[in-house]
Amino acid sequence: MSNLIGMLLSMTVINLVATSPPLTWITFTTLTLLHLYFNYRACQCLVMRSLNPTRYSLLIEHYGDCGEVLSPEMINSMEPFILGLRKNFTIHMGSSLKDLQTQNVEDILERNYVIYKHNGVVSVCLKAGCTSEDLFEAYYFAHRAGYYSDTTHFIPSQEAEEFYRTFRSLLPSHGWDLSFAPLGASETRFSVVQ
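All values reported here derive from a predicted model rather than from experimental measurement.

**A word on the overall build of the protein**
In terms of helices and strands, the protein carries 7 helices and 4 strands. Since a compact globule built from 194 residues should have a radius of gyration of about 16 Å, the 23 Å found for the protein marks it as more spread out than a globular shape. Across the 194 residues in the protein, those meeting the buried criterion constitute 34%. Contacts in the protein between residues far apart in sequence, at least 24 positions, make up 72% of those at least 6 positions apart. For the protein, the exposed area adds up to about 12200 Å²; of that, 59% sits on carbon and sulfur atoms.

**Notes on the nonpolar core**
Soluble, globular proteins show a tendency: their nonpolar side chains are buried together. The biggest cluster of nonpolar side chains holds 35 residues, and the ones touching the most others in it are Tyr56, Leu59, Ile115, Val124, Phe167 and Leu171. Within the residue set of this core, elements represented by two or more residues are α3 (53-66), β1 (90-93), β2 (113-118), β3 (121-126), α6 (132-148) and α7 (158-170). With near-sequence residues (within four places) excluded, Leu171 lies in contact with Leu51, Tyr56, Leu59, Val69, Trp176 and Leu178.

**A few points about the pattern of salt bridges**
Applying the stated criterion across every chain, the model contains 6 salt bridges. Here Glu161 and Arg111 are joined by a salt bridge, their closest N and O atoms 2.4 Å apart. Of this pair, Glu161 sits in helix α7 while Arg111 sits in the loop between α5 (105-110) and β2; the two residues are 50 residues apart in sequence, bridging distant segments of the chain. The pair formed by Glu161 and Arg111 is uniform in burial state, with each residue classed as buried. Where Glu162 meets Arg165, a salt bridge forms, and the shortest distance between an N and an O atom there is 3.2 Å. Taken as a pair, Glu162 and Arg165 lie in helix α7 at a separation of 3 residues, close to a single helical turn. Its relative accessible area of 42% is what places Glu162 among the partly exposed residues.

**Structural notes on the sheet that holds strand β4 (residues 153-154)**
Taken together, 4 strands build an open sheet; the order of strands is β1-β3-β2-β4 and the sheet is mixed. Two strands bound the open sheet, and with one partner strand each, they are β1 and β4. Here 6 bridges tie β2 to β3, and the two strands are oriented antiparallel to one another. In the sheet register, Tyr116 faces β3, and the bridge partner there is Ser123. Helix-sheet contacts for α6 involve β1, β2, β3 and β4, and the interaxial angle to β2 is about 25°.

**Let's talk about the packing of α6 against α7**
Two quantities define a packed helix pair, namely the angle between the helix axes and the distance between the axes. In the contact formed by α6 and α7, the axes pass within 11 Å of each other and the chain directions differ by 125°. Between α6 and α7, the angle falls in the class oblique. Crossing angle aside, the handedness with which α6 passes α7 is right-handed. Mapping the contact onto sequence places Glu133, Phe136, Glu137, Tyr140, Phe141 and Arg144 in α6 and Ala160, Glu161, Phe163, Tyr164, Phe167 and Arg168 in α7. Tallied by class, the residues present in the contact of α6 with α7 amount to 7 nonpolar, no polar and 5 charged.

**Some thoughts on a nonpolar patch on the surface**
On the surface, Met1, Leu4, Ile5, Met7, Leu8, Leu9 and Met11 cluster together into a nonpolar patch covering about 750 Å² of accessible area. With respect to the helices and strands, the residue Leu9 is situated in helix α1 (residues 2-17).

About the thresholds
- Residues numbered from 1 in each chain as written.
- Predicted model: local features only at pLDDT ≥ 70, side-chain atom pairs only at ≥ 80, totals over all residues.
- Heavy atoms only, no water.
- Helix = DSSP H or I, 4+ residues; strand = E, 2+ residues; numbered from the N terminus.
- Rg over C-alpha atoms; globule rule 2.2 N^0.38 Å.
- Buried < 20%, exposed > 50% of the residue type's maximum accessible area, 1.4 Å probe, protein only.
- Contact = heavy atoms within 4.5 Å.
- Areas by Shrake-Rupley, 256 points an atom, 1.4 Å probe, with all protein chains shown as cover.
- Core = buried A, V, L, I, M, F, W, Y, C linked by side-chain atoms within 4.5 Å.
- Salt bridge = Lys/Arg side-chain N within 4 Å of Asp/Glu carboxyl O.
- Pairing = 2+ DSSP bridges.
- Axes fitted to C-alpha atoms, helices over the stretch in contact; angles between N-to-C directions.
- Parallel < 35°, antiparallel > 145°, perpendicular 65-115°, else oblique.
- Left-handed = near helix turned anticlockwise from the far one by under 90°.
- Nonpolar A, V, L, I, M, F, W, Y, C, P; charged D, E, K, R; others polar.
- Patch = residues over 30% accessible without salt bridge, like charges linked within 9 Å, V, L, I, M, F, W, Y side chains within 5 Å.

Take a look at the structure:
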């Protein structure tokens, strides 16, 4: 029914504006702006329960500031629609180990990821076989490294790991879907041969 009404309205509008180029442009501009506005409003109604980099960053920052995990509805309302979050660093998930300069091989063997920071880029190298849980953990600590670490090679403290475990345990009870991790990780992985 809506298609029929739309078709009849479009034929009426075409007959009215077809003879005047300025009226055609005014109508086109008005309808385009209305289309963009209503699409924007429709997107605001969506509530995504998965954690993309923007939603996860908002969640991490709010939890770090207030000690409270926000619901998907709250985070989705805070998520920027067009421009991403403004941070003074970038997180690159799935970086290559070739840029990492460390002599401590035990750090690489201990976790399924390695985090290092250089020139405002926090790089996360992922080990082959890492899980979505590893991705969430790596992104969390990469975010912390971006804000709180001045060192090149970031290793979380015991206190930070406990803080993360508490944070992570609260996410499902607040409605977050952690079954997959759409955090923009590339396919680059490293393997350790012993």
